Amino acid sequence: MIKLRNVEKNYRRGAEEVRALRGVDLDIAAGEFAAVIGPSGAGKTTLLHILGCLDLPSRGEMHFDGVRVDKMRESELVTLRRSKIGFIFQQFYLIPGLSVVDNIALPLLFSKTRVERGRIEELARMVGLEQRLRHVPAQLSGGEMQRTAIARALVNDPEVILADEPTGNLDSANSEKIFDILHKLHENGLTVLMITHNPELAGRTDRTIQIRDGVIST
Ligand code: ADP
């Protein structure tokens, strides 16, 4: 479903060029549940952003569902992201003044999709937040905030969930709940990729993608 061929990503930092990805070949099959691991600065987030079409490779080829992505215009990338990809971040990125329900519904403001209120509440129930619908983020635990963010990532019915250290700010009990939800999404047919520093969680996915110095080693 996602194919990278000889992908490089360079960033400019003043006069210096940072080579964040150095010739990455990677195939992600539909329905896979994979962990991305590696030391800080290895290129994990860069890889996830490219897989999620948030950023384009500097060089190399990328295909998503058989369609060439690396030459797309930003407007085409936006359409692809909205229809097929859901993101989850370590810092949750909820809107403080909005309730759980309105945070979950937020992506719909930017798309033409009409989604019934019942569907939003069903997503909230799916992540165990049916008792928190009217709460704002400040009234939630970290785990509840991340579960709100997961429901938000699902609202456009994506094919792929990309999670950048989704349990990085959570204690082990809450991490476990988040992992269980991601696992359930995988069982329901979604493709799920998760960056993690937790080797135990990585070991419970179906595949570990190890990256070091911008190169995939497994
Ligand atoms: P990881 O997620 O494994 O910690 P990153 O993908 O965030 O690694 O970063 C890989 C390398 O690219 C690091 O050296 C980082 O400093 C650099 N980098 C990441 N994003 C940028 C950016 N926007 N501008 C300049 N350098 C960046």
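This text goes with the structure placed above it.
Anyway, here's the lowdown on the structure attached to this text. (Residues numbered from 1 in each chain as written. Predicted model: local features only at pLDDT ≥ 70, side-chain atom pairs only at ≥ 80, totals over all residues. Heavy atoms only, no water.)

So, the overall build of the protein chain
A tally of helices and strands in the protein chain yields 7 helices and 10 strands. Its C-alpha atoms give the protein chain a radius of gyration of 17 Å, near enough to 17 Å, the size a compact globule of 218 residues would have. Seen along its three principal axes, the alpha-carbon backbone of the protein chain occupies a region of about 50 × 40 × 35 Å. The buried share of the protein chain, reckoned over its 218 residues, is 49%. (Helix = DSSP H or I, 4+ residues; strand = E, 2+ residues; numbered from the N terminus. Rg over C-alpha atoms; globule rule 2.2 N^0.38 Å. Buried < 20%, exposed > 50% of the residue type's maximum accessible area, 1.4 Å probe, protein only.)

Things to note about the sheet that holds strand β4 (residues 59–64)
Across a sheet, paired strands are connected by hydrogen bonds in the backbone, their directions being either parallel or antiparallel. One open sheet accounts for 4 strands, arranged β2-β1-β4-β5; its pairing is antiparallel. Bordering the open sheet on either side are β2 (16–28) and β5 (67–68), each of which pairs with just one other strand. (Pairing = 2+ DSSP bridges.)

Structural notes on the sheet that holds strand β10 (residues 215–216)
Ordered in space as β6-β7-β8-β3-β9-β10, the 6 strands form an open sheet in which the pairing is mixed. Looking along the sheet, the strands with just one partner apiece sit at the ends: β6 (85–89) and β10. Pairing between strand β7 (residues 160–164) and strand β8 (residues 191–195): 5 bridges, direction parallel. Note that in β8 the partner of L162 across the bridge is L193.

Describing the pairing of β8
A large share of β8 lies buried, amounting to 5 of its 5 residues. Note that strand β3 (residues 33–37) and β8 share 4 bridges and pair parallel. The partner of V36 across the bridge, within β8, is I195. You can see the chain leave β7, run along helix α6 (residues 172–187) and come back into β8, and the turn it takes is right-handed. (Right-handed = clockwise from strand over helix to strand, strands pointing away.)

Examining the packing of aromatic side chains
A full pass over the atoms with the stated rule returns 3 aromatic pairs. Where F33 meets F179, the ring centres are 5.5 Å apart and the plane angle is 40°; that geometry is what we call tilted. Of the two residues, F33 sits in strand β3 while F179 sits in helix α6, which places them 146 residues apart along the sequence. Clustering of aromatic rings is evident, with ring pairs tying together F87, F89 and Y93. (Phe/Tyr/Trp six-rings, centres within 6.5 Å; stacked < 30°, edge-to-face > 60°.)

Focus: unusual backbone geometry
Here C53, not a glycine, exhibits a phi torsion of approximately 60°, which is positive. Assignment of secondary structure puts C53 in the loop between α1 (44–51) and β4. Among the residues examined, C53 registers a relative accessible area of 0% and is labelled buried.

Description of the site of the ligand
Around the ligand lies a shell formed by Y11, R13, V18, A20, P39, S40, G41, A42, G43, K44, T45 and T46. Within the side chain of K44, an N or O atom sits 2.8 Å from an oxygen atom of the ligand. Here an oxygen atom of the ligand sits 2.6 Å away from a polar atom, N or O, in the side chain of T46. Considered on its own, the ligand offers 560 Å² of accessible surface; in the complex 65% of this is hidden by protein. Going through the elements one at a time, β1 (2–13), β2 and α1 are the ones with two or more residues in the shell around the ligand. The biggest single contributor to the shell around the ligand is α1, with 3 residues. For the shell around the ligand, the per-class residue count stands at 5 nonpolar, 5 polar and 2 charged. (Near = heavy atom within 4 Å. Polar contact = N/O pair within 3.5 Å; in protein donor to acceptor, adjacent residues only side chain to side chain. Areas by Shrake-Rupley, 256 points an atom, 1.4 Å probe, with all protein chains shown as cover. Nonpolar A, V, L, I, M, F, W, Y, C, P; charged D, E, K, R; others polar.)

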